[in-house]
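What follows is each chain in one-letter form.
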Amino acid sequence: NTLMRTKSEKPVILQSMQFSDVANFQSTMVSISIEIFGRNINPMNPFAGRESAMHVTLTNQGEGDIENAIIEARCSENLQFVDSGALFGSSRRHVRLPKLKPTKKIKYKLSLRSAPSLTTGTILFELRSADWKSSDQIQSYTLNVSRQG
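Throughout what follows, the structure given in this document is the object of discussion.

Here is what the cut-offs are and how they apply
Residues numbered from 1 in each chain as written. Predicted model: local features only at pLDDT ≥ 70, side-chain atom pairs only at ≥ 80, totals over all residues. Heavy atoms only, no water. Helix = DSSP H or I, 4+ residues; strand = E, 2+ residues; numbered from the N terminus. Buried < 20%, exposed > 50% of the residue type's maximum accessible area, 1.4 Å probe, protein only. Contact = heavy atoms within 4.5 Å. Areas by Shrake-Rupley, 256 points an atom, 1.4 Å probe, with all protein chains shown as cover. Core = buried A, V, L, I, M, F, W, Y, C linked by side-chain atoms within 4.5 Å. Pairing = 2+ DSSP bridges. Axes fitted to C-alpha atoms, helices over the stretch in contact; angles between N-to-C directions. Phe/Tyr/Trp six-rings, centres within 6.5 Å; stacked < 30°, edge-to-face > 60°. Polar contact = N/O pair within 3.5 Å; in protein donor to acceptor, adjacent residues only side chain to side chain.

The helix and strand inventory of the chain stands at zero helices and nine strands. Each helix and strand of the chain, placed in order from N terminus to C terminus, yields the pattern β-β-β-β-β-β-β-β-β. Within the span of the chain, comprising 149 residues, buried residues form 42% of the whole. Put simply, 67% of the contacts in the chain that link residues at least 6 apart link residues at least 24 apart. When the accessible surface of the chain is split by element, carbon and sulfur atoms take 50% of a total near 8400 Å².

All right, on to the nonpolar core then. Formed by 31 residues in total, the largest nonpolar core has its most connected members in M54, L58, I71, I123 and F125. Elements represented by at least two residues in this core include exactly strand 1 (17-25), strand 2 (28-37), strand 3 (52-60), strand 4 (69-75), strand 5 (79-82), strand 7 (105-114), strand 8 (120-129) and strand 9 (138-146). When sequence neighbours within four positions are dropped, the list of residues in contact with I71 reads I32, V56, L58, R93, H94, V95, L97, Y108, F125, E126 and L127.

Taking strand neighbours across the sheet as the criterion, the four strands line up as 6-4-8-9 in an open arrangement whose pairing is antiparallel. Edge positions in the sheet fall to strand 6 (92-96) and strand 9, since each has one partner strand and no second. Averaged over all adjacent pairs, the angle separating strand axes in this sheet is 15 degrees, with direction ignored. Where strand 4 and strand 8 come together, seven bridges link them in antiparallel fashion. From the neighbouring strand, I71 faces strand 8, where its bridge partner is L127.

Let's shift gears to unusual backbone geometry. For residues that are not glycine, phi is negative in most cases, and the peptide bond is trans in most cases. With a phi angle near 55 degrees, N68 is a residue other than glycine that sits in the positive phi range. Tracing the sequence through the fold places N68 in the loop between strand 3 and strand 4. Residue class for N68 comes out partly exposed when judged on its relative accessible area of 37%. Residue T103 is not a glycine yet carries a positive backbone phi of 75 degrees.

With that settled, consider the pairing of strand 1. Relative to strand 2, strand 1 is paired through nine bridges, and the arrangement is antiparallel. From the neighbouring strand, Q18 faces strand 2, where its bridge partner is E35. In textbook terms, the turn of a hairpin is the stretch between consecutive antiparallel strands, and for strand 1 and strand 2 this stretch comprises two residues, one of which, Q26, has a positive phi near 50 degrees.

A word on the packing of aromatic side chains. Evaluated as defined, the whole model comprises one aromatic pair. Geometrically, the ring pair formed by F19 and Y141 is edge-to-face, given 5.9 Å between the ring centres and 65 degrees between the ring planes. Of the two residues, F19 is situated in strand 1 and Y141 in strand 9; the sequence distance between them amounts to 122 residues. Judged by its relative accessible area of 23%, F19 is partly exposed.

With that settled, the discussion passes to the environment of R113. Position of R113 among the secondary structure elements: in strand 7. Between the alpha carbons of R113 and V82 there is a distance of 6.7 Å; along the sequence they are 31 residues apart. Side chain to side chain, R113 and E51 meet in a polar contact 2.8 Å long.

In space, the five strands of this open sheet follow the order 1-2-3-7-5, with antiparallel pairing throughout. A strand with exactly one partner marks an edge of an open sheet, and here the two such strands are strand 1 and strand 5. Taken over all neighbouring pairs, the strand axes of this sheet differ in orientation by 25 degrees on average, direction set aside.

As structure tokens, this is what we get:
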């Protein structure tokens with residue numbers, strides 16, 4: 001496993017960054033906002049120095065409901081999504097969104113752990129309808145991340 005660390009290795013912290021976009025989705029408008037915090041921002045978290053925090057916010061900015069939708073995130077091999085402080089992470093996370101009425105938003109909070117060798121990596125987000133017949137209902141976003149310092 002490329003993400004196992006010895007005690008002497010310094011954790012790799014990601015550059016802080018913000019990304020946002022607005023797109024047509026399911027006959028309405030959706031905005032996505034992604035923030036990466038170079039340091040995990042919760043001072044009560046004992047793992048705050050070892051992981052970077054990521055917040056993903058989806059907002060329904062249109063007139064119709066967003067329903068039966070999934071957001072999926074996949075990252076390159078030198079990154080992992082982790083529940084804060086967890087020993088093991090994964091390269092893929094997906095959740096089914098609750099129904100989002102106009103003006104409603106939902107925020108997901110994740111932690112990112114980087115391999116010691118990381119210089120740059122990518123995170124791909126896909127927002128899509130859960131109904132496989134709606135293949136045209138896909139919005140993709142790619143974030144390029146890099147190590148701090």
